[in-house]
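Coordinate analysis (summary)
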Amino acid sequence: MNKKKIAVLTIMVGVMSYAAYQTGKNKTGSKNEKSVEVNMTSSVKDNRKFDYYSENEMRNELQKAGVDKKSIETFLLANRTALSGDIPLQQKKDMFMKAVKEDSKNYLAVAALGKVAFAQDERSTAISYYKKSIEINPKFQKGYENLIRRYRDYEDYENLKITAEQLIKLYPENPVSYDGLYHYFKYKKDYKKAIEAGKKAIELYLKGEPKYYNYEFATTDLIHRIAKDLGQKPEETELTNDYEGRNFQLYILDAYIEQGNDKETFDYFFNNYQKLKDNIKYMGDMDYEYKEWIDEYIDSLKKINDKYKNKDKRFYEENLKKFKALK
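Rules used throughout
- Throughout this description, residue numbers start from 1 for each chain and increase along the sequence as written.
- Where local features are concerned, this predicted model is filtered to residues with pLDDT of at least 70; where side-chain atom pairs are given and counted, the filter is 80 or more; whole-chain, interface and lining totals use all residues.
- Only heavy atoms go into the side-chain values, all of them from the structure, while hydrogens and water stay out.
- Secondary structure elements are defined from DSSP: runs of H or I of at least 4 residues count as helices, runs of E of at least 2 residues count as strands, and each element is numbered from the N terminus.
- Partly exposed describes any residue whose relative accessible area lies between the buried limit of under 20% and the exposed limit of over 50%, with all areas from a 1.4 Å probe on protein chains only and scaled to the type maximum.
- The Shrake-Rupley method, run with a 1.4 Å probe sphere, supplies the accessible areas, and residue values consider only the shown protein chains as cover.
- Buriedness for pockets is judged along seven lines, at least five of which must meet protein on both sides within 12 Å for an open set on the 1 Å grid over protein atoms alone, while cavities are sets there where a 1.4 Å probe fits but cannot get out, and lining residues have an atom within 4 Å of a point.
- Grid points are joined across faces, edges and corners, and a volume is the space filled by probe spheres set on the points.
- When residues are grouped by polarity, Ala, Val, Leu, Ile, Met, Phe, Trp, Tyr, Cys and Pro land in nonpolar, Asp, Glu, Lys and Arg in charged, and all others, Gly among them, in polar.
- Note on geometry: axes are lines fitted to C-alpha atoms, helical ones only across the stretch in contact, with angles between N-to-C directions running from 0 to 180 degrees.
- Throughout, the term roughly parallel applies to angles under 35 degrees, roughly antiparallel to angles over 145, roughly perpendicular to angles from 65 to 115, and oblique to all others.
- Crossing handedness follows the turn of the near helix against the far one: under a right angle anticlockwise gives a left-handed crossing, and clockwise gives a right-handed one.
- Whether two residues touch is decided by their heavy atoms; if any such pair falls within 4.5 Å, the residues are in contact.
- Here a Phe, Tyr or Trp ring, Trp counted by its six-membered ring, pairs with any other such ring whose centre lies within 6.5 Å, and the pair is stacked when the planes are under 30 degrees apart, edge-to-face when over 60, and tilted otherwise.
- The predictor attaches a confidence to each residue, called pLDDT, with possible values from 0 through 100.
- What makes a nonpolar core is a set of buried Ala, Val, Leu, Ile, Met, Phe, Trp, Tyr and Cys residues whose side-chain atoms join them at distances within 4.5 Å.
- By this rule, a helix spans an expected 1.5 Å times one less than how many residues it contains.
- Polar contact is the term for a pair of N or O atoms within 3.5 Å; when the atoms are in protein, one must be able to donate a hydrogen and the other to accept it, and sequence-neighboring residues count only if both atoms are side-chain atoms.

Describing the overall build of the protein chain
Helix and strand counts for the protein chain stand at 19 helices and zero strands. A buried classification covers 53% of the 327 residues belonging to the protein chain. Taken as a whole, the protein chain presents about 15700 Å² of accessible surface, with 47% of it coming from carbon and sulfur.

Next up, the structure:
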């Protein structure tokens, strides 16, 4: 199979079975929405290694939370093995569950169970684990992040909004909260607020990359097999903040177009066109698709401009010149 086609299929990993992936029975959804919506794609942006929390950092974090020493060490062992593709997911799950049984306050182990549940496509179970993790530790940033993503998956927009606002109060520099609010306001057709939230998400995504716990990549055999097909490690199928931000710069055009302020839409597109083109080289295996998406937006915007051919000839011709000047 062509590598580009594999990349498109991999976008769908979070919402389809491995059998569907193999047979190609499932069809892709809307272009940018899927790439933003699903956490795992084959879009490796560069060769840098992910920045992981050290065992000492995790040990200190859990000790400060008053978690039992035995549970901490059980969790660290499980976290250490999380990236291994040779160990069955059930075994990893059992290890994290053992840490929780040894101390129910071990919110990192609870969150790890949430990640495993999501990897098994048990999203409601994943949500319950993430909710539990922030009940135990109300300041657990990644618990809120994952709740926002799962509520977005389920299109549970009211809970998405509530959780995003909670995260903003705790960590105002976290881009995931504004990403969530973008989707909430877009669903509510409040496009002005959606664009504001989207721009803030872009700004914060592009500021830098977060650290990760190993368990954040403890995925099913599905991901391991797809990653192997792509010649990648499982963690290399995870979206970086850089990818999210650059992709959002294009995706936000949906809100611009839907709000109906065509002048503002054209201004945003033409002012950011070169930036969008420059983003292509950062898209990894999705570079071809990203370029196609840009071209599709150009086609859509040209159709919008056609409305002004007789309605506002000056506006129409100005845009026409700008389209012709695109390189």
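Side note on the layout of surface pockets
Of the pockets and cavities examined, the largest pocket occupies roughly 570 Å³. Along the wall of the largest pocket there are 35 residues; nearest its centre are Lys142, Glu145, Asn174, Pro210 and Lys211. Listed by contribution, the elements that provide at least two residues to the lining of the largest pocket are helix H7 (107-119), helix H9 (141-154), helix H11 (175-187) and helix H14 (241-251). Sorting elements by how many residues they give to the lining of the largest pocket places H9 first, with five residues. By residue class, the composition of the lining of the largest pocket is 14 nonpolar, eight polar and 13 charged.

Here we look at the packing of H7 against helix H8 (residues 123-136)
Axis separation between H7 and H8 bottoms out at 7 Å; the angle between their running directions is 165 degrees. Looking at the two axes, H7 sits roughly antiparallel to H8. The chirality of how H7 crosses H8 is left-handed. Residue-level contacts link Tyr107, Val110, Ala111, Leu113, Gly114, Lys115, Ala117 and Phe118 of H7 to Arg123, Thr125, Ala126, Tyr129, Tyr130, Lys132, Ser133 and Ile136 of H8.

What about the environment of Tyr144?
Inspection of the secondary structure puts Tyr144 in helix H9. Distance from Tyr144 to Leu170, taken between C-alpha atoms, is 10.0 Å for residues 26 residues apart in sequence.

Looking at the packing of helix H6 (residues 89-102) against H7
Here H6 crosses H7 at 155 degrees, and the two axes come no closer than 8 Å. The angle between H6 and H7 falls in the class roughly antiparallel. Seen from above, H6 lies across H7 with left-handed handedness. Residues Leu89, Lys93, Phe96, Met97, Ala99 and Val100 of H6 form the contact with H7, whose own contacting residues are Ala109, Val110, Ala112, Leu113 and Val116. Here the contact of H6 with H7 is built from residues that sort into ten nonpolar, no polar and one charged.

Details of the side chain of Asn79
Locating Asn79 in the fold gives a position in helix H5 (residues 69-81). Residue Asn79 is classed as buried on the basis of its relative accessible area of 2%.

Notes on the packing of aromatic side chains
For the structure shown, the criterion picks out 22 aromatic pairs. Here the aromatic rings of Tyr213 and Tyr215 are separated by 5.3 Å at their centres, their planes lie at 5 degrees, and the arrangement is stacked. The pair formed by Tyr213 and Tyr215 is uniform in burial state, with each residue classed as buried. Put simply, the rings of Phe266, Phe269, Phe270, Tyr273, Tyr308, Phe315 and Phe323 touch in pairs and so form one group of aromatic residues.

Re unusual backbone geometry
One non-glycine residue, Glu155, lies in positive phi territory at about 55 degrees. Despite not being glycine, Lys189 has its phi angle at roughly 65 degrees, a positive value. Mapped onto the elements, Lys189 comes out in the loop between H11 and helix H12 (191-205). Taking relative accessible area as the criterion, Lys189 reaches 61% and is therefore assigned exposed.

What about the confidence of the model for the protein chain?
For the protein chain, per-residue confidence averages 83 on the pLDDT scale, and residues scoring 70 or more make up 79% of the total. When the criterion is pLDDT under 50, residues 1-48 qualifies, and its contacts beyond four places in sequence or with other chains add up to 111 contacts.

Some details on the nonpolar core
In terms of nonpolar packing, the biggest core is built from 80 residues, with Phe75, Tyr215 and Phe269 touching the most fellow members. When residues in this core are grouped by element, the largest group, nine residues, is from H7.

Considerations on H11
The first and last C-alpha atoms of H11 sit 19 Å apart over 13 residues, in line with the 18 Å expected at 1.5 Å per residue. Counting buried positions along H11 yields twelve of 13 residues, so the element is predominantly enclosed. Restricting attention to buried positions, one finds in H11 the residues Pro175, Val176, Ser177, Tyr178, Asp179, Gly180, Leu181, Tyr182, His183, Tyr184, Phe185 and Lys186. The opening residue of H11 is Asn174, an N-cap whose side-chain oxygen sits 2.9 Å from the backbone nitrogen of Val176.

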